[in-house]
Protein chains: 2
Amino acid sequence: MSNVTIKTLAKELKLSTGTVSKALKDSHEISSETKLRVHELAKKLNYVVNPYASSLRKRKSKTIAVVLPEVADSFFSLAINGIESVAQTKGYHVLIYLTHENFLKEKEILNDFKSGRVDGVLISVTSETKDSTHICELLSSDVPVVFFDRVFDDIETAKVTTNDFESGYIATKHLIEKKCKRIIYLSISEDLSIINKRMDGFKKALMDHRLKMSENDIVYCSNDEYKNFDIIKKRMSVNPKPDGIIISVEKLTIPVYAVCKELGLKIPAKVKIVSFSNLASAFILDPALTTITQPAYKMGEAAAALLFKALEKPNFQIRKQQVVLPSVLTIRKSSL
Amino acid sequence: MSNVTIKTLAKELKLSTGTVSKALKDSHEISSETKLRVHELAKKLNYVVNPYASSLRKRKSKTIAVVLPEVADSFFSLAINGIESVAQTKGYHVLIYLTHENFLKEKEILNDFKSGRVDGVLISVTSETKDSTHICELLSSDVPVVFFDRVFDDIETAKVTTNDFESGYIATKHLIEKKCKRIIYLSISEDLSIINKRMDGFKKALMDHRLKMSENDIVYCSNDEYKNFDIIKKRMSVNPKPDGIIISVEKLTIPVYAVCKELGLKIPAKVKIVSFSNLASAFILDPALTTITQPAYKMGEAAAALLFKALEKPNFQIRKQQVVLPSVLTIRKSSL
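How each quantity is defined
- Residues numbered from 1 in each chain as written.
- Chains lettered and ligands numbered in written order.
- Predicted model: local features only at pLDDT ≥ 70, side-chain atom pairs only at ≥ 80, totals over all residues.
- Heavy atoms only, no water.
- Salt bridge = Lys/Arg side-chain N within 4 Å of Asp/Glu carboxyl O.
- Helix = DSSP H or I, 4+ residues; strand = E, 2+ residues; numbered from the N terminus.
- Buried < 20%, exposed > 50% of the residue type's maximum accessible area, 1.4 Å probe, protein only.
- Pairing = 2+ DSSP bridges.
- Axes fitted to C-alpha atoms, helices over the stretch in contact; angles between N-to-C directions.
- Contact = heavy atoms within 4.5 Å.
- Core = buried A, V, L, I, M, F, W, Y, C linked by side-chain atoms within 4.5 Å.

**Observations regarding the pattern of salt bridges**
Residue and element names in this part refer to chain A. Scanning all chains against the criterion turns up 34 salt bridges over all chains. When the shortest N-O distance is used, the salt bridge between Lys 130 and Asp 191 registers 3.9 Å. Pair noted here: Lys 130 is in the loop between strand S3 (120-123) and helix H7 (133-140) and Asp 191 is in the loop between strand S6 (183-187) and helix H9 (193-208), with a separation of 61 residues, a long-range link. Residue class for Asp 191 comes out partly exposed when judged on its relative accessible area of 34%. A network of salt bridges, in which partner residues are shared, links Glu 70, Glu 101, Arg 150 and Lys 251.

**Let's talk about the sheet that holds strand S12 (residues 328-330) of chain B**
All names here are of chain B. With respect to topology, 6 strands assemble into an open sheet ordered S7-S6-S8-S9-S10-S12, the strand pairing being mixed. The outermost strands of the open sheet, each flanked by one partner alone, are strand S7 (218-220) and S12. Neighbouring strand axes in the sheet, compared pairwise and without regard to direction, differ in orientation by 20° on average. Two elements, strand S9 (residues 272-276) and strand S10 (residues 290-293), share 3 bridges in a ladder whose sense is parallel. Considered in S10, the bridge of Ser 275 is made with Thr 291. In the packing of helix H9 (residues 193-208) onto the sheet, contacts are made with strand S6 (183-187), S7, strand S8 (244-247) and S9, and the angle to S6 comes to roughly 170°.

**What about the nonpolar core?**
Counting residues in each nonpolar core, the largest one holds 128 residues, and the members touching the most others are Phe 113 and Val 121 of chain A together with Phe 113 and Val 121 of chain B. Residues in contact with Phe 113 of chain A, not counting those within four places in the same chain, are Ala 65, Val 67, Tyr 97, Val 118, Val 121, Leu 138 and Val 143 of chain A. Membership of the second largest hydrophobic core comes to 62 residues, among which are Val 86 of chain A together with Ala 79, Ala 296 and Phe 316 of chain B.

See the structure below:
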């Protein structure tokens, strides 16, 4: 057996190993001329494909990965069900990876996918993700990626979202119509584009209705539930005291209710609440919670459908795909 | 290269291919005499290990799988966090597979693990799982398996559970002390041993306090939330009407509250409720929910710790390991 490797060919031809590898696989990214040069030298030097490496590379894992911040959030557990309903019909396994809102973990997980462990990836990024290199690298190693819900705006690949700006606007307008004068917005990240779009909708509604906003009306919470209780309690205790709250992510609902209980602030008499939430228990909370309900299951379905199109049709323009599904305001006692 | 395979050796020696394979790997399950016969023939016939197969088999995937019925249940999302906290310190990835309470899906997933995709498995079985062949097969392909919460009693491998019988007893005794005379028990499976242990605790408490029980006081719900509403509504509408309910799994809490709302049955005045639940929102429900809270995070941690011991120490007696961690009764308004 010859000791000629891709490296030998690359060195000899003054090409990168990536180019040689692609040329040997007849990639459309490589010019016919380069392919010819690579194949001729390979033949001349008696180059033999490493059967082990090749077998691994071509292997269809029949598996897709879903990369999520957490599963305690009802949005994600419903979205998973939507994804699995599609994967099931395709005979694929679904692997769920949790980042726990940790950017380094997300990077590590995506790096692992380059080896061909999965055929495609559905991802909702962490609240810390500012840099997108890890996602770009995955895309350039020919693993299709579809964003759902928490997208990264700058990357050109399929995205499935809801109408975040409009929903933020509708939620705020609803509280204004219920006579709220000082509404605050609870965020969990300065970087997540969907949370910022909801915030932009909130700001626009205030402006359209000529309501003032001060800097401390945008309250940044953390990923630590105990800290969040203190952050929210602090804001609810200083003037100007809010009479309305827009909660931008489900997990802040519990600390908000807990703070109101502790401070003796009756909901909705003293403070009215709308939360972006898919909590199944919303209607049995004390009081029942007004929600912006995202079409979580459908978003999961749509994202998976796009990914399978990319897997099944090599010419599918995955980069151009954008799906926006509308959320719904469900009015309950907490805002009445 | 010789064309002698494991099959050739097996045929010649009148042994199974499994035995020959194990003998070549020096397994303790094979007698020294058989090993000698296999090795002698292998040498004589110039048998060469298939490098591709061997490489796959020895490959450490640095990955463990968690196989669960669902993630919408707070117990499971907390247990995952416990599991991941341990895996993180070991530098392992955690893959989550959902069975959606479907036995065939569970079988399919476990079959897939035999190829070496993961190094070890943590599992909580579906409510349909009666047959354990798929789990035994996985164990016999040398993939360590640890059960947590929903165990399969007959299989000899590590198990991490809570004190289900005792918790069922304590929950029921609490309702009896609050003057309930007709308590019903909501189950989701005739097969799940943990649900039946909770039920046995329920029955024993009734017996010890000389309370009668009729057949329809054990109510079997399904995996379909809409059906569950109807099943519970039906039982709450016929005589003898219950004045107490033990809910054996979290997901039945919402339909129980919904039925009570619809029938105008005030909780706790007309009917008192205790639920096995890790719902973070238990204290803000209307009324706040009395729970048997399982040590979900700790159970996940303990299960993962056992699995890593098995992966790190070949002589670790995984079959003998049993960990039982106690649950806690947290009394809130729904049972007062």
